[in-house]
Amino acid sequence: MIDRDKVLPHRIATLADERPDETAMLDVAGRSLTWSQLQTEFQRWAGALRAVGVATGDHVVTMLPNSFEAYLAWLGTSWLRALEVPANNMYRGETLRYLIENSQARTVVIAQRYVDRLTLVADDLNLLETVVVPDAEGELPELPFRVVRGDDFL
C-alpha cells in the first residue's frame, strides 16, 4: 500500500502544517503561493470541481496553459480521487475530439483561448456535460453543454 504522505496532495497538506509560510510555488512574473496558500487553493478547486459534478473515479480533461491554474486543477482533481486527462494545448479537431470522447470525460476545464477548438467538435462529444472556463472574460461561443465561468466556478 502506498504511504499516504507520499501522495502529492497529502504531502502538500503535511508541508502546509509544517511550513505554512514557506514558498511552495513561484512563477516568472513573481506570483507566489506558500504551502498553506497552495493547500487552500487546491482544496478550493476540489470543492468547485465537486460542485460541478466531479466525483471519485471521474475523468476530467484539462486544456490549460502552463500556469498556477493548471497545477491547481490537477491537484484539485487528485484530491477528489478523480483522474486528470491533460490535453496538449496544440490539440484540435479529431485529435481533441478523440481524447475527450475516449477518456469518457463528463467535465472539461479549458482556458478561454482554447474554447474555439471545442466548438468545432462539440456536436461529436456524446458524454461531455460541463465545460469550465476558469479565466472567462467577456463573451464565449455557444456550446451545447453547461458552461461554468471562473467567477461562478470558484
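Refer to the structure above for everything that follows.
Residues numbered from 1 in each chain as written. Predicted model: local features only at pLDDT ≥ 70, side-chain atom pairs only at ≥ 80, totals over all residues. Heavy atoms only, no water.

Student: Requested: an account of the overall build of the chain, with residues and values cited.
Tutor: In terms of regular secondary structure, the chain is built from 6 helices and 7 strands. In the chain, the succession of helices and strands from N to C terminus is α-β-β-α-β-α-β-α-β-α-β-β-α. Computed over its C-alpha atoms, the radius of gyration of the chain comes to 16 Å, within 12% of the 15 Å expected for a compact globule of 154 residues. With the principal axes as the frame, the chain shows a C-alpha extent of 50 × 40 × 25 Å. Here the chain, with 154 residues, has 45% of them falling under the buried criterion. When the accessible surface of the chain is totalled, it reaches about 8,600 Å², and 48% of it is carbon and sulfur. Mean positive and mean negative side-chain charge positions of the chain (15 and 23 charges, respectively) differ by 4 Å. (Helix = DSSP H or I, 4+ residues; strand = E, 2+ residues; numbered from the N terminus. Rg over C-alpha atoms; globule rule 2.2 N^0.38 Å. Buried < 20%, exposed > 50% of the residue type's maximum accessible area, 1.4 Å probe, protein only. Areas by Shrake-Rupley, 256 points an atom, 1.4 Å probe, with all protein chains shown as cover. Lys, Arg positive; Asp, Glu negative; His and termini not counted. Charge placed at Lys NZ, Arg CZ, Asp CG, Glu CD.)

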